[in-house]
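Examination of the molecular architecture
Each chain, written out:
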Amino acid sequence: MTSSMNSISRRAVLQATASAAGAAGLGATIPLVAMGAPTPTTLRQDIVNFAKDAARLAKFEAAVKEMQDRSKANPNDPKGWLVNAKAHADFCSVGLTDPNQVHFCWWFLSWHRAYITVTERKIREISGDNTFAYPYWNWSSDRRIPKAYAKAGSPLANAVRFTPNRAVTDGEVDYFPSDPTLKKLGVAALGVKKFEAKTASEINRTFGGIARPNSANGYGNNRLEGTPHGPIHNYVGGENANGDGGDMGDFETAARDPIFFAHHGNLDRLWETWRRDAAKKATEPKVDAFLKHKFVFTWLDGTPVEISAGETLDTKQLGFTYDTLEVFRPGVQPLVVAAQGAEDRLPPVATDKVRVPLTPQAAGSGQRRILEITDVEKPDRPITVSVYVKPTDAPANDPGVNVGTFAAVKAGGDVAWPSQTLSFDITAAAQRYAGKELTVQLVPQRIRAQGAESYTPLKYGQMRIITEQ
Ligand code: C2O
C-alpha cells in the first residue's frame, strides 16, 4: 500500500468519525483524484489477458467475495458490494428528469468513469494489490460472457443472470461489416463527430448527450449509450421463463453484477478511442456547468468522495490507462456474428416502407443516409430490437441487411424510455438500393434464457430517410 493511500485512509477515518459525531454529510468530502494516487499508472486490461495471471485473478475474486460476504452479513456495510452497487440505483434508476439522473444526458460517460474508478480503488484497497485495475469485457471480440465472469461459483459470476444461449450479434455491438466505412470503425458509434447535443432530437447522434438540466427537459440516449450499451445490459441480464429479468437488465440492480464494471469499462475505453481524434475531442463541453459539476460516491468507511466531471477527462489523473484503444482485441480476427436467418426470427414488432432517394451521393462527400424513426413510444417490457432493410420486391426469405439495433432497458422494475427519435446509418444499403422502395422490419432479439418470448407491436411516429453531412 502506498503511503499516500495510508494518509488518505487516516483522514477518511477521521472525517467519518467527525461526521458520525455531528450531522451526517456535513463533513468535508475526499477528492477522488487526490486519493491514493497509484504509481505507476495502472493498466486496465482485457479480462482475457488479465485472467492469464491466475494469482492476480484470484486476488480480484477474493476481494469481490469479501465485499459480497460483508453485504450478506450486513447489507448496509459500507465496505460491502451491495452498498457500492446502490450508487448505481441512486443515480441511474431515478426519473428521467431527476437532477441526480446521470443517464440520458451529458453525465453518462464521466459519471460511469468515476464510478468504475471508485469501485476499482475499493478493490485495490481490499485486495492489497495496489496495481489492480478493473478488467474490461471486449464484447466486440468476445460475444459470450468471458469465462472469468461466468465460471460457476466465482464471485465474479455471482449475480442474477438469465443470459440467452446465443452469442451477441454484430448489430448489438454496433458492428456493420457490410458497410466499409462503418466496418473500419469497428463500433459505428465511434464515427459520431460531436459530443454535445443542443436539441433533444439530435441526442442519439452525439457521443456525449445533452446538458442536464436543459430548458426543454429533453433527455435521451446518446449514440453509444443507446447501442451497444443497452443491448449488452439486456443480453447479460436476460429473462427467465416467467419474464423476470436478471440484475444487468435493470439499472436498479445492474451494478450488483461484477460484469457491469467490465461492460462499462469497455464503453469507457471506447470513449478514449473516440477522443484520439482531436477534432472530436475538441467538441467536449468547456463550460463550468459541465466541468465543475461534482459527483459524490461513498468510500469504504462511509466517507463521501467527490470528483468533478472535468477531473474525469484525463484518465492518467485518475491513475489508469487502457492496454489498447483498438476496438477488437489485437491479434484476433474481427468476429462476425450475423443475426438469425429470416426463418428463425421472432415476428417483427413493426414493418414499414421508405423510399430511398435516387439522387446519387457525390463521391467522397462524406454524406451519410440515416433512417430515422420518430416518436418511438415506450415498449411495454424490456426488448432488444434489430432493424433490417431490404427492397420491397425481394423474396420473403431474404433476411435483408441489419442496419442497427436498439434496446429498452429497465430501471426500477419499469422500462426506462426517453421518448425519442432513433436513427440508423443505412448509407451502404441506400447506395445499393438507390431509388427503390425499402421494407424496414424491426425484429426482437431473443433475450430469454429459455422458453418462448413474444412482444407487442411498437408504436412510433414515422420512418424516414434523412441525409447527414
Ligand atoms: Cu448506469 Cu449501463 O448503466
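Counting restarts for each chain: residues are numbered from 1 in the order of the written sequence. Where totals are concerned, whole chains, interfaces and linings use all residues; where local detail is concerned, this predicted model gives features only for residues with pLDDT of at least 70, and gives and counts side-chain atom pairs only at 80 or more. Heavy atoms throughout the structure, all of them, feed into the side-chain values; hydrogens and water do not.

Let's talk about the overall build of the protein
To be explicit about the condition: Counting from the N terminus, the helices are the DSSP runs of H or I reaching at least four residues and the strands are the DSSP runs of E reaching at least two. As defined in this context, the radius of gyration uses C-alpha atoms, and a globule is described by 2.2 Å times the residue total to the power 0.38. Partly exposed describes any residue whose relative accessible area lies between the buried limit of under 20% and the exposed limit of over 50%, with all areas from a 1.4 Å probe on protein chains only and scaled to the type maximum. By the convention used here, residues are in contact when the closest approach between their heavy atoms is within 4.5 Å.
Secondary structure summary: the protein contains eleven helices and 15 strands in total. Computed over the C-alpha atoms, the radius of gyration of the protein is 22 Å, within 12% of the 23 Å expected from 2.2 N^0.38 for a compact globule of 469 residues. Across its three principal directions, the C-alpha atoms of the protein cover 75 × 45 × 40 Å. Sorting the 469 residues of the protein into buried and exposed places 57% on the buried side. When contacts within the protein are restricted to residue pairs at least 6 apart in sequence, those whose partners lie at least 24 apart make up 73%.

Overview of the pattern of salt bridges
As a reminder of what qualifies: A pairing counts as a salt bridge when a side-chain nitrogen of Lys or Arg comes within 4 Å of a carboxyl oxygen of Asp or Glu.
Considering all chains together, one arrives at 35 salt bridges under this definition. A salt bridge links E196 to K198, with the shortest nitrogen-to-oxygen separation between them at 3.3 Å. Given a relative accessible area of 15%, E196 falls into the buried group. In this structure K198 comes out as exposed when scored by relative accessible area, which is 61%. For the salt bridge of E272 with R275, the shortest nitrogen-to-oxygen distance reads 3.2 Å. You can see E272 and its partner R275 sitting in helix α8 (residues 259-275), three residues apart, about one turn around the helix. Take E272: its relative accessible area is 15%, and that puts it in the buried class. Shared partners join several salt bridges into a network, and the residues in it are R44, R113, E120, R124, D268, E272, R275 and E284.

Examining the state of the cysteines
Rule in force here: Disulfides are defined as cysteine sulfur pairs within 2.5 Å.
Scanning the model with the defined rule gives zero disulfides in all. Counting only cysteine sulfurs, C92 is the nearest neighbor of C105, a cysteine outside any disulfide, at a range of 9.5 Å.

Remarks on the side chain of T273
Let me state the cut-off plainly: Any pair of nitrogen or oxygen atoms within 3.5 Å is treated as a polar contact; in protein, a donor-acceptor pairing is required on top of that, and neighbouring residues in sequence qualify only through side-chain atoms on both sides.
With respect to the element layout, T273 can be found in helix α8. Reaching out from T273, the side chain makes a polar contact with the backbone oxygen of L325 at a distance of 2.9 Å. Excluding residues that lie within four positions of it along the chain, T273 makes contacts with L190 and L325.

Brief notes about the sheet that holds strand β14 (residues 437-444)
Cut-off, in case you're wondering: In short, DSSP must find at least two bridges between two strands for them to pair. Axes here mean lines fitted to C-alpha atoms, for a helix over just the part in contact, with angles spanning 0 to 180 degrees between N-to-C directions.
Spatial ordering of the open sheet is given by β8-β14-β10-β11-β12, a layout of five strands whose pairing is antiparallel. Strand pairing shows two members of the sheet lacking a second neighbour, β8 (350-355) and β12 (414-416), which therefore form its edges. Going from strand to strand, the sheet's axes swing by 30° on average, the running direction of each strand aside. Judged from the six bridges that link them, β8 and β14 form a sheet pairing that is antiparallel.

Points about the environment of Q462
Topologically, Q462 is positioned in the loop between β14 and β15 (463-468). Exposure remark for Q462: the relative accessible area of 38% places this residue in the partly exposed category. Here the alpha-carbon distance between Q462 and V354, two residues 108 residues apart in the chain, equals 9.7 Å. Apart from residues no more than four positions distant in its own chain, Q462 is found in contact with E372, I373 and T374.

Points about the domain arrangement of the protein
Quick reminder of the rule: As annotated, the domain borders come from an automatic or database domain assignment. Summed over both partners, the accessible area lost on bringing two parts together, with a 1.4 Å probe, is the buried area.
What the domain assignment lists for the protein is domain 1 (4-322) and domain 2 (342-468). The interface is formed by 38 residues belonging to domain 1 together with 37 residues belonging to domain 2. Summed over both sides, the interface of domain 1 with domain 2 buries roughly 2800 Å², with 48% coming from carbon and sulfur. If you sort the residues of domain 1 by the area they bury against domain 2, R205, N234 and E239 come out on top, with a joint share of 23%. Across the contact surface, domain 1 and domain 2 share five salt bridges.

Structural notes on the pairing of strand β13 (residues 420-425)
Summarising burial for β13: five of the six residues are buried, a large majority. Bridge count between strand β9 (residues 368-376) and β13: five bridges; the pairing is antiparallel. Its bridge partner being in β13, L371 is matched across the sheet by F424.

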